[in-house]
Protein chains: 2
Amino acid sequence: MTNPENRSTLILQWLKEIKSYIIEQKNSDLNVEQKTADNDLVTKMDRSIEEQLVKKIRKHFPGDKVVGEEGFGDDVSSMDGTVWFIDPIDGTLNFVKQQENFAVMLAVYEDGIGQSAYVFDITQDKLYSATKGGGVSRNGQRLAEPDNLSLKEGLIAASSALMMKEEKTTIRDIGNTSMGVRMLGSAGLESVEVAKGSVVAYIASNLKPWDVAPGLVFMEELGMSAVTFTDEPIDLLTNNDIIFSTKNAHKDIIKMLNA
Amino acid sequence: MTNPENRSTLILQWLKEIKSYIIEQKNSDLNVEQKTADNDLVTKMDRSIEEQLVKKIRKHFPGDKVVGEEGFGDDVSSMDGTVWFIDPIDGTLNFVKQQENFAVMLAVYEDGIGQSAYVFDITQDKLYSATKGGGVSRNGQRLAEPDNLSLKEGLIAASSALMMKEEKTTIRDIGNTSMGVRMLGSAGLESVEVAKGSVVAYIASNLKPWDVAPGLVFMEELGMSAVTFTDEPIDLLTNNDIIFSTKNAHKDIIKMLNA
């Protein structure tokens, strides 16, 4: 049985090491490569960070399973036992083009229940973290639960890929019902925006498990809503169209998606 | 005749005072009011900052004209002489809803030529400034001229109001030709993104003179492009649909707008 405090201490240490590594290497040649498309980039840093992390997890927690973006993890087909989700650099396009607005992400689930989650905004030096039953914190300072605002009472965040599709008129209707749309290009940082109450919802399509796993823990801890576009629970073994939101914005958005 | 160095020193002092005022007052009741629409908000801080600034400008530079968002300035119908543009809080919606991602903006023109410009990201404590012939700086450190990337080689920033309109299919085409769209909700901070090279273009419709005046100086200083959607120079006496961009992205975008 894992000792959760020991695990948290290790994770915090690893994240600190990753931060130093990124800051050191940021100005070196990134060896940017295209994965599936022009805007699906991977750098040697994505790979190197994940490889190191997976190695450490395997050493300290040999019975655990790992789901990682860059393929150093396992082929996981069940949430039984302890499953780690790793996104070494969430927002790689921002990382390459802006050298900011990206995050290192990690989440740990036990038998399908989120135990801890981390979204580390490296350039801002802001670590958002959650542990089961302990709420969500920024650099150790606990965040207040956001007000339960409706869709029209707040801003929303959305993924560029989704919002720009010509046929997605309902998504733009949802955007136009809100006070305005913000797009940051990082699922992790946009999950944080919901957790902070800076937006009432984050809507994105086709997110990978590692994009979603930390935010799901944040929503749980803050009593907020996390569902798919068909109002089902999010399944971390597959890709999902997701809505992270206040409870009231959840009702408004689901009504519009199913109108 | 104005002494530009004396003016710069005064402006920097005023901006420092405004920063202290905002940080002091941020947690007080903002007295948010709607102006023309649900998402066109004004706070007592917008008004108070502009009122104080206009008072100071009138005292030190009694012959100058002032164009301000909140109406404490003059009714300006010509760019002759010295004209100040003030946006006390650019991104008021972010200010109210997020308590970040807003900027204090100021620009000074003489006979239609930009002399100095300031975009102050208060919560990040980053002051972006330009003086004619002196380039653009962040907290006094000069920014490099961004690479002249084409539209498809970079991200773009756009205004939510523009991008979400159903009929604006060409604008979304432009977004989809780029590597991705980012929306911050502050014309000032989005102008800065272009100046930093974080995006290759910022596209927005119906911007007011005070939204555009500082970014126009930034573009000029960095040898970048600043035009209307019809490829005309931007007129600071009226509202404009604007494109701030690299020279190559400018060509790509104008071609698509006029296809």
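Residues numbered from 1 in each chain as written. Chains lettered and ligands numbered in written order. Predicted model: local features only at pLDDT ≥ 70, side-chain atom pairs only at ≥ 80, totals over all residues. Heavy atoms only, no water.

Within an unreviewed UniProt entry, the label attached to chain A reads Myo-inositol-1(Or 4)-monophosphatase, and the organism entered is Alkalibacterium pelagium. Among the UniProt annotations of chain A, the heading Cofactor (unreviewed entry) holds the following wording: "Mg(2+)". (UniProt positions renumbered as here; feature names shortened; annotations may be inferred.)

Let us look at the UniProt feature "binding site: Mg(2+) 1" (unreviewed entry) in chain A. Residues and elements named next belong to chain A. Per the UniProt record, "binding site: Mg(2+) 1" (unreviewed entry) is found at Glu 69, Asp 87, Ile 89 and Asp 211. Considering the C-alpha atoms alone, the annotated residues occupy 143 residues of sequence yet fold into one spot, their largest mutual distance being 10.1 Å. Look past the residues within four positions of Ile 89 in its chain and what remains in contact with it is Met 45, Asp 46, Ile 49, Glu 69, Phe 95, Phe 102 and Ala 103. Within the secondary structure, Asp 211 sits in helix H7 (residues 209-222). Classification of Asp 211 by relative accessible area gives buried; the value is 12%. (Contact = heavy atoms within 4.5 Å. Helix = DSSP H or I, 4+ residues; strand = E, 2+ residues; numbered from the N terminus. Buried < 20%, exposed > 50% of the residue type's maximum accessible area, 1.4 Å probe, protein only.)

UniProt records the feature "binding site: Mg(2+) 2" (unreviewed entry) for A:Asp90 in the present numbering. By secondary structure assignment, the location of A:Asp90 is in strand E4 (residues 82-90).

Once that is clear, we can look at the domain arrangement of chain A. All names here are of chain A. Partitioning chain A into domains gives domain 1 (4-142) and domain 2 (151-257). Of note, the centres of domain 1 and domain 2, computed from C-alpha atoms alone, are 21 Å apart. For the domain 1 face of the interface with domain 2, the top three residues by lost area are Phe 85, Tyr 109 and Val 136, together amounting to 23%. The interface formed by domain 1 and domain 2 contains 0 salt bridges. Counting the contacts that link domain 1 with domain 2 gives 9 residue pairs in polar contact (both at pLDDT 80 or more). Looking at the side of domain 1 that touches domain 2, the elements that each hand over two or more residues are strand E3 (65-68), E4, strand E5 (103-110), strand E6 (113-121), strand E7 (126-131) and strand E8 (136-138). Ranked by residues supplied to the side of domain 1 that touches domain 2, first place goes to E6 with 6 residues. (Domains from an automatic or database assignment. Buried area = accessible area lost by both parts, 1.4 Å probe. Salt bridge = Lys/Arg side-chain N within 4 Å of Asp/Glu carboxyl O. Polar contact = N/O pair within 3.5 Å; in protein donor to acceptor, adjacent residues only side chain to side chain.)

Below, the discussion takes up the sheet that holds strand E4 (residues 82-90) of chain B. Residue and element names in this part refer to chain B. Pairing within the open sheet is mixed, and its 7 strands lie in the order E3-E4-E5-E6-E7-E8-E9. A strand with exactly one partner marks an edge of an open sheet, and here the two such strands are strand E3 (65-68) and strand E9 (141-142). Bridge count between strand E7 (residues 126-131) and strand E8 (residues 136-138): 3 bridges; the pairing is antiparallel. Residue pairing in the sheet places Ala 130 in a bridge with Val 136 of E8. Sitting on the sheet, helix H2 (residues 44-60) touches E3, E4 and strand E5 (103-110), and the angle it makes with E4 is about 155 degrees. (Pairing = 2+ DSSP bridges. Axes fitted to C-alpha atoms, helices over the stretch in contact; angles between N-to-C directions.)

This next bit is on empty space enclosed by the protein. Per the counting criterion, the structure on display carries 1 cavity of 30 Å³ or more. Of the voids in this model, the largest cavity is the one considered here, and its volume is about 640 Å³. Surrounding the largest cavity, 32 residues form its lining, A:Asn101, A:Gln124, B:Asn101, B:Gln124 and B:Leu184 being those nearest its centre. Secondary-structure elements contributing two or more residues to the lining of the largest cavity are E7 and helix H6 (187-196) of chain A together with helix H3 (92-98), E7 and helix H6 (187-196) of chain B. Among the residues forming the lining of the largest cavity, the class breakdown is 12 nonpolar, 8 polar and 12 charged. (1 Å grid on protein atoms, 1.4 Å probe; cavity = no way out; pocket = protein on both sides within 12 Å on 5 of 7 lines; lining within 4 Å. Points joined across faces, edges and corners; volume = space filled by probe spheres on them. Nonpolar A, V, L, I, M, F, W, Y, C, P; charged D, E, K, R; others polar.)

Residues and elements named next belong to chain B. Mapped onto the secondary structure, Ser 137 falls in strand E8. You can call Ser 137 buried: its relative accessible area is 12%. Once residues within four sequence positions are removed from consideration, Ser 137 is found in contact with Leu 127, Tyr 128, Ser 129, Arg 142 and Leu 143.

Backbone-to-backbone hydrogen bonds join strands into a sheet, with any given pair of strands oriented parallel or antiparallel. All names here are of chain B. Read across the sheet, 5 strands follow the order E11-E10-E12-E14-E13 without closing on themselves; strand pairing throughout is mixed. The strands lining the two open edges of the sheet, one partner per strand, are strand E11 (181-182) and strand E13 (225-228). As paired strands, E13 and strand E14 (residues 240-245) are joined by 4 bridges and run antiparallel to one another. Residue pairing for E14: Thr 228 is matched across the bridge by Ile 242. Of the strands in this sheet, strand E12 (201-207), E13 and E14 are in contact with helix H8 (residues 247-257), which crosses E14 at around 140 degrees.

Bringing the pairing of E5(A) into the picture now. Residues and elements named next belong to chain A. For E5, the buried fraction is high: 8 of the 8 residues fall into the buried class. Residues Ala 103, Met 105, Ala 107 and Tyr 109 line one face of E5 and the alternating positions Val 104, Leu 106, Val 108 and Glu 110 line the opposite face, and both faces are buried. With 8 bridges joining them, E5 and E6 adopt antiparallel strand pairing. Across the sheet, residue Val 108 finds its bridge partner in E6, namely Ser 116. Hairpin connection of E5 to E6: 2 residues between the antiparallel strands, including Asp 111 at a positive phi of 50 degrees.

This paragraph deals with the relation of the copies chain A and chain B. The transform that puts chain A on chain B rotates by 180 degrees and translates by 0.0 Å along the axis, for an RMSD of 0.0 Å. Expressed as an axis order, the relation between the two copies is that of a two-fold axis. In terms of C-alpha distance to the rotation axis, chain A has A:Met183 as its closest residue, with the C-alpha 2.4 Å off the axis. Taken together, the interface assignments show that 100% of the residues at the interface of chain A recur at the interface of chain B, consistent with an identical surface on both copies. (Least-squares fit on C-alpha atoms with pLDDT ≥ 70 in both.)

Using the criterion set out here, one finds 16 salt bridges over all chains in the structure. As a salt-bridge pair, A:Glu110 and A:Arg7 come within 3.0 Å of each other at their nearest N and O atoms. Placement of A:Glu110 in strand E5 and of A:Arg7 in helix H1 (residues 4-25) is noted, with a sequence separation of 103 residues between them. Across the pair, A:Arg7 and A:Glu110 agree in class, each one buried. A salt bridge links B:Arg172 to A:Glu166, with the shortest nitrogen-to-oxygen separation between them at 2.8 Å. One end of the pair, B:Arg172, is in helix H5 (residues 169-177); the other, A:Glu166, is in the loop between helix H4 (160-163) and helix H5 (169-177), on a second chain.

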